[in-house]
Amino acid sequence: MSGVSQAVIEAGGNVLGVIPAVMVNEKPQGHPASYERQPVSAEGQGPVVLDTSAGPGKMQTVVVNGMHERKARMATESNLGFVALPGGYGTFEEVMEMVTWTQLGIHNKPMVLVNINGFWSPMRQQVDLAHQEGFISDAGRQLIRFVDVEAADVDSCGQRVVDEVLSMQSALAQRPGGYWNWDRSSKTAPDSSPPAPAKRSLPRPDDAPMDVDEVLAVDVPDLTFTFRSDLPPALEHCDLKLRRGSRCLLIGANGAGKSTLLRLLAGKRLCDSKARVFGKDVFRESPSGITYLGTEWAMNPVVRSDIVVSHFLNSVGGYRHKERRDRLLDILDVDLDWHMHAISDGERRRVQLCMGLMEPWDLLLLDEVTVDLDVQVRADLLDFLTQETIERNATIIYATHIFDGLQSFPTHICHMRMGTTVDKEPIVWPPTGADADALPPTDETDQHRDLSPLLSISLAWLRKDKTLRGEAETARGRRRGAQKDADTDSERFFSKYDYSQTVNR
């Protein structure tokens, strides 16, 4: 606070400080040396105002009897609203009380948090969670806003903060005073909530060139990631940009980096390069609405224990999403009376998909999770996912090696090779124009196998990838496959002491 006060004074502004009587035993930190302690009025008799000069600006200190009176005076004196910098318990408490007063209609004043280096990100996550769980209404979610700032840019963020305050003030001014309409289901009570921020209607993924100013569903610029500093990068110079409503297929050989990329987009690991989902850093800001489904879930001993499926789904919130849950139960052909320890891997996979998809999601990351499904269930599931992207403008990134029935599913395909994305932007599918010209020619032997165009292109890519990988391995001095003239110590040992010839099989 003292730093902000001093900067305002030096810029010629006026500072009003409000402190409780208990804090006037010593000179308040940041006040000029000419400050002298003044007597405090009797309780209930109002404040004592100390007026001292400090350079080109003026600092005024108001001493009040208690914390509640302090906050009431600060709220009264505030013209535009409230801006909070990183702080401690007192800051947390004051932020929440001022927001609550706006919710109750005591005043109509904005609350903007300056999120320096992600300091307020946990607060944003808590507000989002309370909103998802129904404790904060849609209108209430708009009562607090965040301005993301890097520490190096603090000196230049002032106008952004002011613009956000003014924007929020304009929205709040449109509602009358008094209590808000909290019962959103009531048809008789007037809706006095401030309008939600206008949402841009983004065109379909293949309708128009990408606008550099639009908020993308996925924005991965030049991503490099390594698991350990002494290992080569697992991902290097990856680029992926997707609009909302896209269905992107990740295509690449085993070990190409598909799973690593999906886990980074899910926020499961921290990376230096910032991968952003819906405009937010996936690890530091954790945007809501991301669902990741991978194959490792079904191997967890907890989900393989004796749990009834109906109890299992309700324990993760199935009762809150009954309509979607029941629809997925029919699509995935799941029996609520199954016991998790007594069903097959494919049936367990169906339960996982029902669990992961029953809560509406905005970005779905699928990592080979349909590998155990039979043909009919997989086809019905793909139809459901396609409908979700069209009706809800949700986005899907799907890594798989099974191409049956996928010809019409993706809107984009992304080719990954040896830890990098081959193209700067994913290819629109089905390809036309320059995208079609850039695709590799298919192998002549594949043309007689009755393959879909998508699978033919994928085979051509993977065959080329294997050749390039082999060349890179040869340059390093060792490549996969049979090793000619290799005579290792273990080979010499077992050639003398091979007991397998004497064992009856």
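Higher on the page you've got the structure.
These notes cover the structure that comes with them. Being a predicted model, the structure only gives us computed values, none of them experimental.

A separate point is the sheet that holds strand E4 (residues 82-84). Taken in spatial order, the three strands of this open sheet run E4-E5-E6, and their pairing is parallel. With one partner strand each, in any of the chains shown, E4 and strand E6 (145-149) form the two edges of the open sheet. Neighbouring strand axes in the sheet, compared pairwise and without regard to direction, differ in orientation by 20 degrees on average. The pairing of strand E5 (residues 111-116) with E6 spans five bridges and is classified as parallel. Residue pairing for E6: Ile 116 is matched across the bridge by Val 149.

What follows covers unusual backbone geometry. With omega at -5 degrees, the peptide bond leading from Trp 429 into Pro 430 counts as cis. Note on placement: Pro 430 falls in the loop between strand E17 (427-428) and helix H11 (433-438). A positive phi angle is found at Glu 368, which is not glycine, with a value near 55 degrees. Within the secondary structure, Glu 368 is located in the loop between strand E13 (363-367) and helix H10 (375-391). Even without glycine at this site, Met 418 takes up a positive phi of about 50 degrees. Secondary-structure assignment places Met 418 in the loop between strand E15 (412-417) and strand E16 (420-421). We classify Met 418 as partly exposed; its relative accessible area is 45%.

Glancing now at the sheet that holds strand E8 (residues 235-242). Ordered in space as E8-E7-E10-E11, the four strands form an open sheet in which the pairing is antiparallel. Strands at the two margins of the open sheet, each flanked by one partner only, are E8 and strand E11 (280-281). Note: strand E7 (residues 218-225) against strand E10 (residues 276-277), two bridges, orientation antiparallel. Opposite Asp 219, over in E10, you have Arg 276 as the bridge partner.

By the definition in use, this model includes zero disulfides. Cys 238 takes part in no disulfide bond, and the closest cysteine sulfur, belonging to Cys 414, lies 7.8 Å away.

Across all of its chains, the model carries four aromatic pairs by this definition. Ring geometry for Tyr 398 against Phe 409: centres 6.0 Å apart, planes inclined by 85 degrees, an arrangement best described as edge-to-face. Placement of the pair is Tyr 398 in strand E14 (residues 395-399) and Phe 409 in the loop between E14 and E15, with a sequence separation of 11 residues. Exposure class is identical for Tyr 398 and Phe 409. Each is buried. Taken together, the aromatic side chains of Phe 92, Phe 119 and Trp 120 make up a single cluster linked through ring pairs.

Let us now look at a nonpolar patch on the surface. A cluster of nonpolar side chains, contributed by Leu 80, Val 162 and Leu 166, occupies part of the molecular surface with about 220 Å² of accessible area. Along the chain, Leu 166 falls in helix H5 (residues 158-172). With relative accessibility at 39%, the residue Leu 166 sits in the partly exposed group.

Moving on, we get to the pattern of salt bridges. Tallied over the full model, the rule gives 25 salt bridges. The partner of Asp 148 in a salt bridge is Arg 124, and the shortest N-O contact between them spans 2.7 Å. Of the two residues, Asp 148 is situated in strand E6 and Arg 124 in helix H4 (residues 121-132); the sequence distance between them amounts to 24 residues. For Arg 124, a relative accessible area of 5% gives the class buried. Close ionic contact of Arg 350 with Asp 333 constitutes a salt bridge, the shortest N to O distance being 3.8 Å. Highlighted residues: Arg 350 in helix H9 (residues 345-357) and Asp 333 in the loop between helix H8 (322-332) and H9, separated in sequence by 17 residues. The network of salt bridges with common partners includes Arg 124, Asp 148, Arg 276 and Glu 285.

Residues Val 351, Leu 357 and Leu 385 are the most contacted members of the largest nonpolar core, which totals 45 residues. The set of elements that each furnish at least two residues to this core consists of strand E9 (247-251), helix H7 (309-315), H8, H9, E13, H10, E14 and helix H12 (453-476). Formed by 28 residues, the second largest nonpolar core is a distinct cluster that contains Val 218, Cys 238, Leu 262 and Tyr 292.

Basis of the calculations
Residues numbered from 1 in each chain as written. Predicted model: local features only at pLDDT ≥ 70, side-chain atom pairs only at ≥ 80, totals over all residues. Heavy atoms only, no water. Pairing = 2+ DSSP bridges. Helix = DSSP H or I, 4+ residues; strand = E, 2+ residues; numbered from the N terminus. Axes fitted to C-alpha atoms, helices over the stretch in contact; angles between N-to-C directions. Buried < 20%, exposed > 50% of the residue type's maximum accessible area, 1.4 Å probe, protein only. Disulfide = S-S within 2.5 Å. Phe/Tyr/Trp six-rings, centres within 6.5 Å; stacked < 30°, edge-to-face > 60°. Patch = residues over 30% accessible without salt bridge, like charges linked within 9 Å, V, L, I, M, F, W, Y side chains within 5 Å. Areas by Shrake-Rupley, 256 points an atom, 1.4 Å probe, with all protein chains shown as cover. Salt bridge = Lys/Arg side-chain N within 4 Å of Asp/Glu carboxyl O. Core = buried A, V, L, I, M, F, W, Y, C linked by side-chain atoms within 4.5 Å.

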